Amino acid sequence: MASKNSIKPYIENGYYHLYNRGVNKRLIFRDKKDCIVFQRYLKQYLSPIEELKKLENHADRLNRLVKANMHGEIELLAFALMPNHIHLLVKQLEPDGIVKFMRKLCVSYSMYFNRKYKRVGHLFQDRYKGVIVLDDNYLLHLSRYIHLNPTKIQINEINFNEFTSYPYYLGLKEAKWLETDFIHSYFMKNKIGNYKGSYKKFVEDYKADTTVAEQMLIGLTLED
């Protein structure tokens, strides 16, 4: 189950569904490059330090990336970019990790967006929202919900199916900044639980499992 409350303190080693939307529900991704840049910020903030060293040779820029890096404080399990909002499923490893991470992520992307489109003011609506996930079943159904969110959505030639963590779960992409093993572990042979087959089958069987899924996601009102 999920505990509804977007304001309460975030606990150490807790799993959270985080959500943020454009002010007045406006687009926050206008072209494909915007999605690429946002995903690049996820990579910069969450990659292990050794991976950052492979990405950046300039000493000053590398030093800035290392100082801003949050690997070991936040673990990203799933994400989806949508035309006017984002979904993130994270595990907070250190106290205040979510607060620091979301501040850095949203400020960095807002600065990029405002500079590119010559605008001023807030890009995101109010403060991001989040709920703690207290149940394994809910966690799995939530990951499926996030991965199915962008299905068939295409705006301004952006195929939003490209900008989710789902391809990483299917083995089509790899990333050191994304944790897929934890959710995959529920579908391993001999794992205690009721989930059989692959994660791919679990996601694609959504229609056959609609009643269970809806029961799991009762109370998910982050988008209100």
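Residues numbered from 1 in each chain as written. Predicted model: local features only at pLDDT ≥ 70, side-chain atom pairs only at ≥ 80, totals over all residues. Heavy atoms only, no water.

A. Expanded view of the confidence of the model for the chain. Mean pLDDT for the chain: 85, with 84% of residues reaching 70 or above. Here strand E1 (residues 2-3) stands out as the element of the chain with the lowest mean pLDDT, 42, in contrast to strand E3 (residues 74-81), whose mean of 97 is the highest. Confidence over residues 1-5 falls short of pLDDT 50; this stretch has 17 contacts with residues more than four positions distant or in other chains. (pLDDT = per-residue confidence, 0-100. Helix = DSSP H or I, 4+ residues; strand = E, 2+ residues; numbered from the N terminus. Contact = heavy atoms within 4.5 Å.)

B. Structural view of the side chain of Asn84. In this structure, Asn84 sits in the loop between E3 and strand E4 (85-92). Judged by its relative accessible area of 17%, Asn84 falls in the buried class. Of note is the side chain of Asn84, whose polar atom sits 2.8 Å from the side chain of His85. Leaving out residues up to four positions away in the same chain, Asn84 has contacts with Asn20, Arg21, Gly22, Lys25, Arg26, Leu27 and Ile28. (Buried < 20%, exposed > 50% of the residue type's maximum accessible area, 1.4 Å probe, protein only. Polar contact = N/O pair within 3.5 Å; in protein donor to acceptor, adjacent residues only side chain to side chain.)

C. Molecular detail of the pattern of salt bridges. Counted according to the given criterion, the structure contains eight salt bridges. In this structure, Glu204 engages Lys200 in a salt bridge whose closest nitrogen and oxygen atoms are separated by 2.9 Å. Taken together, the residues Glu204 and Lys200, both in helix H8 (residues 199-204) and four residues apart, mark about one turn of the helix. Because the salt bridges share partners, they merge into one network encompassing Asp31, Asp34 and Lys116. (Salt bridge = Lys/Arg side-chain N within 4 Å of Asp/Glu carboxyl O.)

D. How the structure looks around the packing of helix H1 (residues 32-46) against helix H4 (residues 97-117). Two numbers describe how H1 lies on H4: the axes approach to 10 Å, and their chain directions differ by 150°. By the angle between their axes, H1 is roughly antiparallel relative to H4. In this structure, H1 meets H4 at a crossing whose hand is right-handed. Across the interface between the two elements, Lys33, Asp34, Val37, Phe38, Tyr41, Leu42, Tyr45 and Leu46 of H1 pack against Phe101, Lys104, Leu105, Ser108, Tyr109, Tyr112, Phe113, Lys116 and Tyr117 of H4. When the residues that make up the contact of H1 with H4 are grouped by side-chain class, the tally is 12 nonpolar, one polar and four charged. (Axes fitted to C-alpha atoms, helices over the stretch in contact; angles between N-to-C directions. Parallel < 35°, antiparallel > 145°, perpendicular 65-115°, else oblique. Left-handed = near helix turned anticlockwise from the far one by under 90°. Nonpolar A, V, L, I, M, F, W, Y, C, P; charged D, E, K, R; others polar.)

E. A look at the environment of Ile146. Tracing the chain through its elements places Ile146 in helix H5 (residues 136-148). When its relative accessible area of 0% is taken as the criterion, Ile146 is described as buried. Ile146 sits 59 residues away from His87 along the chain, and the two C-alpha atoms are 6.6 Å apart. Sequence-distant contacts of Ile146, that is, excluding residues within four places in its chain, are made with His17, Ala78, Phe79, Ala80, His87, Leu88 and Leu89.

F. The nonpolar core, seen in detail. Core analysis: the largest hydrophobic core is formed by 38 residues, its most contacted members being Phe29, Leu88, Phe101 and Tyr109. Secondary structure elements with two or more residues in this core: strand E2 (14-21), H1, E3, E4 and H4. Considering every element that reaches this core, the biggest residue donor is H4, with eight residues. The contact partners of Leu88, leaving out residues within four places of it in the chain, are Tyr16, His17, Leu18, Leu76, Ala78, Phe79, Phe101, Met102, Leu105 and Ile146. Counting residues in each nonpolar core, the second largest holds 19 residues, with Leu89, Leu142, Tyr169 and Phe187 among its members. (Core = buried A, V, L, I, M, F, W, Y, C linked by side-chain atoms within 4.5 Å.)

G. Examining the environment of Trp177 more closely. Relative to the helices and strands, Trp177 resides in the loop between helix H6 (166-169) and helix H7 (181-184). You can call Trp177 buried: its relative accessible area is 7%. Between the C-alpha atoms of Trp177 and Pro48, which are 129 residues apart in sequence, the distance is 7.1 Å. In this view, Trp177 contacts Gln39, Leu42, Lys43, Leu46, Ser47, Leu76, Phe79 and Tyr168; residues no more than four positions away in its chain are not counted.

H. Summary view of the packing of aromatic side chains. In the structure shown here, the tally under the stated rule is 17 aromatic pairs. Through a chain of ring-to-ring contacts, three or more aromatic side chains come together here, namely Phe29, Phe38, Tyr109, Tyr112, Phe113 and Tyr117. Here the basic side chain of Arg40 rests over the ring of Tyr41, its NZ or CZ set 5.6 Å away from the ring centre. A cation over an aromatic ring shows up here: Arg144 above the ring of Phe202, its NZ or CZ 4.1 Å from the ring centre. (Phe/Tyr/Trp six-rings, centres within 6.5 Å; stacked < 30°, edge-to-face > 60°. Lys NZ or Arg CZ within 6 Å of the ring centre and 35° of its normal.)

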